[in-house]
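As a plain string of letters, each chain reads:
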Amino acid sequence: MKKIKNSLGALTMPLVALGVLLLFNLIRCIVTGSWSFYEISIATDEKGSVLTGNLISIIDSASALVILAMGMTLVTAACGGQDISVGAVGAIAGAFFVIMMHPQKEVQMSTLTSVAWPNVILGVVVAIIAAVIFCLFNGVLVAYFKIQPMIATLILFSCGRSIAYYFLYQALGVGSIKLDDPIIFAIGKTIPGVPIPTSIFVVILVGLLMWLIFKRTNLRLYTQAVGINQKAAQLNGINPVMVKLLSFVMLGVCVAVAAIVKSTSLSTLTTKSLMDSFEMDAILAVAIGANNLGGGKFRLGGSILGAYTIQTLTTTLNAMEVSSDSMKFYKAIVIIVIMVAGSPVVRNWIVSLGNKIKMTTRAARVKEVE
Amino acid sequence: MTTIQPDLRKKKRFERLTDAQLLTIISGTIFVVMYLIAVLSIEEFKKPQVLFDITNYYSYLIIIACALTIVMVGGGINISVGGVICLTCMVCTMFMKDSGIEDPTLLLWATFGVAIAIGAAFGAFQGALISFLEIQPFIITLGGMFLARGLTTILSGGKNVTLPDDNPFAKWMAELEIKIPELGTQRIRKGKVFINPAVLNWVTIIAIAVVVIIYLVMRFTKFGRNTYAIGGNQQSAQMLGINVKQTRFNTYLLSGVLSGLAGFVFMMFNGAGGKTGIGLRFEMDAIAASIIGGTLLSGGVGNVIGSFFGAMILGTLQKIIWFSGLQEAYWQDMANGVMLGIFIVMQSVVLGVRGKGKISLPFAKGKASLEKG
């Protein structure tokens, strides 16, 4: 019981943020009188029946961000900095995914159709390998050369999308490609006969994998030890270089999976805009999840909730018909409010206020007894 | 004895250099070498005008690189500069269009005031949240970036705002250009000599003045020295009686003012008016320029002269790629990335070899060595 209470205590900030957003929508629904935000219905067309509704779309479209936020949390915890190249590496992974899926490489085409399962599996594997290699490049700079993660990943941030474009252009002769195929539809949207979007299963799969890794191995302890005090960790026999590299490998896998989820659900791959500004959202998710951006202790649950919070905010603003460009303004205000509410100064102030109230009520009670 | 002494003195002088000075000297040398190679191998670079083009066009980058350097020396980061430039351009253009002030000189100064006020407001807001509420600077300035970009869209309604063709600023710009005929090109047509003078725009003068002023401020004032102290070791600085929060607030305020100035300079030089797409990735360019110039993100080490060279290196690189015929955008990005990679690794190696910095090379000893500090 105490354990549950402790873990809930650490997740207070993201839970409250998410709760306030949902409450805001509830009030909005009561005021406007239409419950469209909370409605979940089943839409049926020739491709099968699908669950639709804002809540489903939040969980569905947050998938890529959730997966990415998990990887980002690990890197943040181990290295004390963030990888800002994940969007660009995602574009590279997506490019390799499409190149490997392409059945006949001689023919130039702007739409990819009729892919086969072996090619898709090859594409997924190659995409993961490519992303891991590029993330390891960052990892080597961070772990061996001891460069700050943000600086080291600035290299791929500035040229990663160009590398993706170069590969895609050399292989297929296009910079952007449409994906229109039943198999891709099954990966990105829904499997025929299953009403739940596939990406939700992918998130559950990745989450379970992470949970198993941290449950079965000492990686959580090692990562936190390296993040809190590298010197002390090394003196205790932990190899900080290996731990940091491992966190980047796991980030690479997460980036590739997120890129595949995102490109298949959009059914288009544009190297210039795939996972655009995702790095910022992922870092935001980590921060909203009450993880220390300076490294050390981390909670994957917090980052996952943070990612869902960001998507809920986006969907709420969409439902309020705010245009996508001016959405940034409201998003910024909500982010700043969340960060101010979660800042150490404000938190201490609230705690001391609570203590003061407790003291005065106790004093009043003592007086009553007397 | 007399033969050994100069060597010793030389060695001592090398060892006396701080990390920031060494890295600044390296970036300056690389800029000079790079430019000389470009002059020798590319015909276009023989004209002095190319150098002026670089300083004119990248004057905004020089200014925001200074802004980033101040914040990074203080141990923080500011990624809102691109957004602030975008907002400043938009608001200034709208102000010039609709303010109704007839006198061009007055209008110019009023617009300048508006630009500085916007920058200062953003700097003060972010600085207050970061230093007094102790929130992570990355997230707050990310919020600041979103805020500035969102405000730009809301104010303009998502449309681009352009100045009318007869605006007084084209005239201002033309009057304030500094023409240097000695460095220009000569052309002889029909027996007459036409001199095409080299043009140095006033934005360059502003940018260089900013670099000099900020260098003097960081070097000789109490604020500058305090900034180095809090970036190097916050706790020691606090124990020495430095007001850490106020100093940190001031760094963000100053960087905000500089980004407002950069927005003003960008708008005046390009005469482009307000567009919602201005300033994308400027913050990353500025961070890259600061890093190339030898500023460390961990704080306490850095120099605005180095950042000036960093911005010039980035600008020269773009020009070289442009003149060598690789005009696709992706070649420019790749060259930027490679350049940045070389610089970052080189800094790490140089500091590691000196054995003074926080970065040391584990390969040399065959196993992972402990990080200092």
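Residues numbered from 1 in each chain as written. Chains lettered and ligands numbered in written order. Predicted model: local features only at pLDDT ≥ 70, side-chain atom pairs only at ≥ 80, totals over all residues. Heavy atoms only, no water.

Undergrad: How do you make sense of the packing of helix H5 (residues 86-101) of chain A against helix H6 (residues 117-143) of chain A when you look at a structure like this?
TA: Two quantities define a packed helix pair, namely the angle between the helix axes and the distance between the axes. Residue and element names in this part refer to chain A. Where H5 meets H6, the closest approach of the two axes is 8 Å, and the angle between their N-to-C directions is 150°. If you check the angle between H5 and H6, you find them roughly antiparallel. H5 and H6 meet at a crossing whose hand is right-handed. Here Val89, Ile92, Ala93, Phe96, Phe97, Met100 and Met101 of H5 come into contact with H6, specifically with Asn119, Val120, Leu122, Gly123, Val124, Val126, Ala127, Ala130, Ala131, Phe134 and Cys135. Broken down by class, the residue content of the contact of H5 with H6 amounts to 16 nonpolar, two polar and no charged. (Axes fitted to C-alpha atoms, helices over the stretch in contact; angles between N-to-C directions. Helix = DSSP H or I, 4+ residues; strand = E, 2+ residues; numbered from the N terminus. Parallel < 35°, antiparallel > 145°, perpendicular 65-115°, else oblique. Left-handed = near helix turned anticlockwise from the far one by under 90°. Contact = heavy atoms within 4.5 Å. Nonpolar A, V, L, I, M, F, W, Y, C, P; charged D, E, K, R; others polar.)

Undergrad: Please clarify how the confidence of the model for chain A should be interpreted in this entry.
TA: Do not read the predicted coordinates in detail wherever pLDDT is low. Mean pLDDT for chain A: 87, with 95% of residues reaching 70 or above. By mean pLDDT, the top-scoring element of chain A is helix H4 (residues 63-79) of chain A (94), and the lowest-scoring one is helix H1 (residues 2-10) of chain A (65). (pLDDT = per-residue confidence, 0-100.)

Undergrad: Would you explain a nonpolar patch on the surface in this entry?
TA: A cluster of nonpolar side chains, namely Leu23, Leu26, Ile27, Ile30, Val31 and Trp35 of chain A, defines an oily patch on the protein surface of about 600 Å² accessible area. A residue is classified by how much of its surface remains accessible, and isoleucine 27 of chain A, at 47% relative accessible area, is partly exposed. (Patch = residues over 30% accessible without salt bridge, like charges linked within 9 Å, V, L, I, M, F, W, Y side chains within 5 Å. Areas by Shrake-Rupley, 256 points an atom, 1.4 Å probe, with all protein chains shown as cover. Salt bridge = Lys/Arg side-chain N within 4 Å of Asp/Glu carboxyl O. Buried < 20%, exposed > 50% of the residue type's maximum accessible area, 1.4 Å probe, protein only.)

Undergrad: Help me out: how do you make sense of the interface of chain B and chain A in this one?
TA: How big an interface is tends to be expressed through the accessible area that disappears when the partners come together. Contact residues are listed per partner, giving 47 residues for chain B and 46 residues for chain A. Here chain B and chain A share zero salt bridges between them. Viewed at the interface, chain A and chain B are joined by three residue pairs in polar contact (both at pLDDT 80 or more). The set of elements that each furnish at least two residues to the side of chain B that touches chain A consists of helix H6 (104-132), helix H7 (137-156), helix H13 (282-292) and helix H15 (329-354) of chain B. With 12 residues, the single largest contributor to the side of chain B that touches chain A is H7 of chain B. (Polar contact = N/O pair within 3.5 Å; in protein donor to acceptor, adjacent residues only side chain to side chain.)

Undergrad: Help me understand the sheet that holds strand E5 (residues 268-270) of chain A in this model?
TA: To summarise the sheet geometry, strands pair through backbone hydrogen bonds and adopt either a parallel or an antiparallel arrangement. All names here are of chain A. Across the sheet, which stays open at both edges, the three strands sit in the order E3-E4-E5 with mixed pairing between neighbours. Each edge of the open sheet carries a strand with a single partner, namely strand E3 (111-112) and E5. Two elements, E3 and strand E4 (residues 176-179), share two bridges in a ladder whose sense is parallel. Bridge pairing in E4 places threonine 111 opposite lysine 178. (Pairing = 2+ DSSP bridges.)

Undergrad: What should I look at first to understand the packing of aromatic side chains in this one?
TA: What describes a pair of aromatic rings is the distance from one ring centre to the other and the angle between the planes of the rings. One pass over the full model with this rule turns up 20 aromatic pairs over all chains. Where tyrosine 57 of chain B meets tyrosine 60 of chain B, the ring centres are 6.2 Å apart and the plane angle is 85°; that geometry is what we call edge-to-face. Under the relative-accessibility criterion, tyrosine 57 of chain B is labelled partly exposed at 36%. The class for tyrosine 60 of chain B is buried, based on a relative accessible area of 5%. Here the aromatic cluster, defined as three or more aromatic residues joined through ring pairs, consists of Phe31, Tyr35, Phe45, Phe308, Phe309 and Phe323 of chain B. Taking NZ or CZ as reference, lysine 272 of chain A lies 4.9 Å from the ring centre of tyrosine 165 of chain A, over its face. Residue placement shows arginine 281 of chain B over the ring face of phenylalanine 157 of chain A; its charged tip is 4.7 Å from the ring centre. (Phe/Tyr/Trp six-rings, centres within 6.5 Å; stacked < 30°, edge-to-face > 60°. Lys NZ or Arg CZ within 6 Å of the ring centre and 35° of its normal.)

Undergrad: Explain the packing of helix H3 (residues 54-61) of chain A against helix H14 (residues 300-319) of chain A to me, please; I cannot follow it from the model alone.
TA: All names here are of chain A. For the pair H3 and H14, the least separation of the axes is 9 Å and the interaxial angle reads 135°. When the interaxial angle is binned, H3 and H14 end up oblique. The handedness of the crossing between H3 and H14 comes out as right-handed. Across from Asn54, Ser57, Ile58, Ile59 and Ser61 in H3, the residues of H14 making contact are Tyr308, Gln311, Thr312, Thr315 and Ala319. Partitioning the contact of H3 with H14 into residue classes produces four nonpolar, six polar and no charged.

Undergrad: I keep staring at the environment of glycine 100 of chain B and nothing clicks. Help me out?
TA: All names here are of chain B. Note on placement: glycine 100 falls in the loop between helix H5 (81-98) and H6. For glycine 100, a relative accessible area of 60% translates into the label exposed. Spatially, the C-alpha atom of glycine 100 lies 60 Å from that of arginine 354, the residues being 254 residues apart in sequence.

Undergrad: Explain the pattern of salt bridges to me, please; I cannot follow it from the model alone.
TA: All names here are of chain B. For the coordinates displayed, the defined rule picks out four salt bridges over all chains. Where lysine 46 meets glutamate 43, a salt bridge forms, and the shortest distance between an N and an O atom there is 3.6 Å. A relative accessible area of 48% means that lysine 46 is categorised as partly exposed. Owing to a relative accessible area of 60%, glutamate 43 belongs among the exposed residues under this scheme. With a shortest N-O distance of 3.6 Å, glutamate 134 and lysine 245 are connected by a salt bridge. Of the two residues, glutamate 134 is situated in the loop between H6 and H7 and lysine 245 in helix H12 (residues 244-270); the sequence distance between them amounts to 111 residues.

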